Amino acid sequence: MNCKVLENRTIARGFNHLSLAPDKPLGPIIPGQFVMIRVRESMDPLLRRPMSVAGFKPDGSSFGLVIQRIGRGTEILASLAAGDRVDVIGPFGAGFPEPPGAAGELWIVAGGSGVAPFVGMLQPATRPVCRTRVFLGARNSGFLLCADHLSDGADVFLTATEDGSAGVKGVVTDLVERELANGYAPAMIFACGPAPMMRALEKSVSGRDVRLCVSLENRMACGFGACLGCVTKLKTEQRYVAVCRKGPVFDASTIQI
Amino acid sequence: MSEVDLRVNFAGISLKNPIVGASGTFGYGKLYEQFYDLSIIGGFVTKGLSLKPRPGNPIPRICETPAGMLNAIGLQNIGLEKFINRKLAGLESVDTAVIVNFFGETVDEYVQMAVKLDKLDGVSGLEINISCPNVTKGGASFGTDIDTTGEVVSLCREATSKPLIVKLSPNVTDITRFARVCQDNGADGLSVINTLTGTAIDIAARKPVLANITGGLSGPAIKPVALRMVYECYRAVSIPIFGIGGISFARDVVEFIMAGASAVQVGTMNFVNPHILPELVSDLPELLASLKVNSVKEIVGAAHHD
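Each value, and the rule that gives it
Residues numbered from 1 in each chain as written. Chains lettered and ligands numbered in written order. Predicted model: local features only at pLDDT ≥ 70, side-chain atom pairs only at ≥ 80, totals over all residues. Heavy atoms only, no water. Contact = heavy atoms within 4.5 Å. Buried area = accessible area lost by both parts, 1.4 Å probe. Salt bridge = Lys/Arg side-chain N within 4 Å of Asp/Glu carboxyl O. Polar contact = N/O pair within 3.5 Å; in protein donor to acceptor, adjacent residues only side chain to side chain. Nonpolar A, V, L, I, M, F, W, Y, C, P; charged D, E, K, R; others polar. Core = buried A, V, L, I, M, F, W, Y, C linked by side-chain atoms within 4.5 Å. Buried < 20%, exposed > 50% of the residue type's maximum accessible area, 1.4 Å probe, protein only. Helix = DSSP H or I, 4+ residues; strand = E, 2+ residues; numbered from the N terminus. Arc of directions from axis to C-beta. Pairing = 2+ DSSP bridges. Right-handed = clockwise from strand over helix to strand, strands pointing away. Axes fitted to C-alpha atoms, helices over the stretch in contact; angles between N-to-C directions. Phe/Tyr/Trp six-rings, centres within 6.5 Å; stacked < 30°, edge-to-face > 60°. Lys NZ or Arg CZ within 6 Å of the ring centre and 35° of its normal.

Enquirer: I'd like a description of the interface of chain A and chain B, backed by residues and values.
Expert: Where interface size is given, it is often the accessible area lost as the parts come together that is meant. In this assembly, 25 residues from chain A lie in contact with 32 residues from chain B. Taking both partners together, chain A and chain B bury about 2300 Å²; carbon and sulfur atoms supply 68% of that area. The interface formed by chain A and chain B contains one salt bridge. The closest approach of N and O atoms between R49(A) and E64(B), which form a salt bridge, is 2.7 Å. The interface formed by chain A and chain B includes six residue pairs in polar contact (both at pLDDT 80 or more). Along the lines of polarity and charge, the residues of the side of chain A that touches chain B split into 15 nonpolar, four polar and six charged.

Written as structure tokens, this is what we have:
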């Protein structure tokens, strides 16, 4: 599907936000789903890049992506200008499950570019009916990506930075620990971020009656289940499952994070 | 302009056109129905199947390289029984050639697979995987040893009357010796080539990128090597050849056919563009017509002039 670049904004050093308008409206998007974006019409770089959809118009007429510039492919994507065209396929994968009902509380924990799926989840048209407590972590205040979007959509919005330049000094999972210790009890936690963050969360919720769902970002060649390159290991059986098809969002109790 | 004839009879397998999805990039077929009607393409080759399901290799399994990629999936597959019960039945209504790629860990397992596959109505042909370089006990020792290759092909030949194709490893000194041994032992066709063994190093971690250390290189980067091997095999044998390696455009298809392929398999580019097969099917007639070619058949090996 051909898309027109509507806008390319630098949102932090090394991070861009792309707004894309597909020629045909994108099908219904579940927050947590991703698209595969072709870097350019050449054989090098060859493979598409998987990118979580970061916010979308409910009618599918435009959507956003958070690009972290970590290599040649993402550098090229970050150099796109308004009016340029890119090829996108998707959305693919299983997004986050239904949030808890009105009586429950949903916690959202995001680190770095892990904010992407929650931009869509917390936008006015798709915001969960339950109470939401959002935890956003970064190195310093300059890297609290999409903080405005998240704080607008959240009932409680908490931040942690490693240098203390915004919010609580420390990592975001310390903040989660603190809130749990304070007696707040979520029905579900949705998380997306670096693996150590998700492992720490798994530890924090162990023994508690909380469903933890994590979004993985394994490297993918195809994004739709053909290459089997992106697999992750199941916890209970000696078997791998494709992150692109069975995930990228998994119940943390089912996979080895 | 008269219609260009795309039909190919490949070793007894009727293909409506020479564009076939390659093993390991096409799952068990159904996956691509989200993108197009499978009856558009000539056929596809399933993911390599074994008697028992295999979990595959640890991650990381893939790594992008210039105009290509390395993979070390480790022959992850659902096993023959699940394929028959869960996948094959769903393909009955699909009007396209279904070729099953298979392998064993022992010669006896190859034969057992061939015996079981021989009985399946929905299977148009068999592709023996002797060349997957990823699993130490799996393909590598078979496909790079000339005597074992001959033994596997000969015993599978006795076990099945279905068209029997052998997918050759390029990781040998002279691929034509293997091509001849396959023909001499009863193979009906060849698939040329499987991936080229390579590696990549993570310089920050000071170790190979792939958990398996080595992987198979595929994609446009390997096209000239694959084309050379098809050209050489065409001179060495008289059985038909599937040309495989980095095919991305209709002109690549024509290059492989002129080098000696009767049909082609497209692999890695399915990942980049899942619509590539139907696009090639639709681009090919126009290109052939512009070359004043009336049928695919008439240009097989056209680049050979002696």
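Enquirer: Please set out the nonpolar core residue by residue, giving values where relevant.
Expert: A general feature of soluble globular proteins is that nonpolar side chains tend to end up buried together. Residues Y32(B), I128(B), L168(B), L190(B) and V192(B) are the most contacted members of the largest nonpolar core, which totals 146 residues. If we skip the residues at most four places from it in the chain, I128(B) touches F102(B), Y110(B), V152(B), V153(B), C156(B), L164(B), I165(B), V166(B) and K167(B). Counting 31 residues, the second-largest nonpolar core is a separate cluster that includes F15(A), V66(A), L106(A) and A110(A).

Enquirer: Break down helix α5 (residues 195–205) of chain A for me, with residues and values.
Expert: All names here are of chain A. Of the residues making up α5, those classed as buried are M197, M198, L201, S204 and V205. Down the axis of α5, the buried side of the element spans an arc of 115°, and every buried residue falls inside it. Of the residues in α5, the exposed ones pointing more than 90 degrees away from the buried face are P196 and K203. Tucked into the core, α5 has its buried residues touching β7 (105–111), α4 (172–181), β11 (188–192) and β12 (211–215). Following α5 by one or two positions, G207 has its phi on the positive side, about 85°.

Enquirer: Provide a residue-level description of the pairing of strand β9 (residues 156–161) of chain A, including the pertinent values.
Expert: All names here are of chain A. Of all six residues that make up β9, five are buried, and the element is covered over most of its length. Pairing analysis gives six bridges linking strand β8 (residues 131–138) to β9, with the strands arranged parallel. Looking at β9, one finds that F135 is bridged to L158. Crossover handedness for the path β8 to helix α3 (residues 147–153) to β9: right-handed. Taken together, the two bridges between β9 and strand β10 (residues 168–169) define a ladder with parallel strand orientation. Paired with T161 across the bridge in β10 is K169.

Enquirer: Would you mind going over the sheet that holds strand β7 (residues 97–102) of chain B in detail, with residue names and values included?
Expert: All names here are of chain B. Taken together, the eight strands give a closed barrel; going around it, the order is β3-β4-β7-β8-β9-β10-β15-β16, and neighbouring strands pair in parallel fashion. Going across the sheet, the axis of each strand differs from the next one's by a mean of 25°, ignoring polarity. Of the strands in this sheet, β7 and β8 (125–129) touch helix α2 (residues 107–118), which is tilted by about 160° from β7.

Enquirer: Which residues make up the packing of aromatic side chains, and what values go with them?
Expert: Aromatic ring pairs: the centre-centre distance and the angle between the two ring planes describe each pair. This structure, assessed with the given rule, holds 17 aromatic pairs over all chains. For the ring pair F92(A) and F35(B), a centre distance of 6.4 Å and an interplane angle of 80° mean the geometry is edge-to-face. Here F92(A) is found in strand β6 (residues 85–92), whereas its partner F35(B) is found in the loop between β3 (19–21) and β4 (43–45) on a different chain. Given a relative accessible area of 8%, F92(A) falls into the buried group. When the ring of Y28(B) is compared with that of F83(B), the centres are 6.0 Å apart and the planes differ by 45°; the resulting orientation is tilted. Placement of Y28(B) in the loop between β3 and β4 and of F83(B) in helix α1 (residues 80–88) is noted, with a sequence separation of 55 residues between them. Three or more aromatic residues link up through ring pairs in this structure, and these residues are F34(A), F92(A), F224(A), F26(B), Y32(B), F35(B), Y36(B) and F44(B). Cation over ring: R139(A) sits above F143(A), and NZ or CZ is 4.0 Å from the ring centre.

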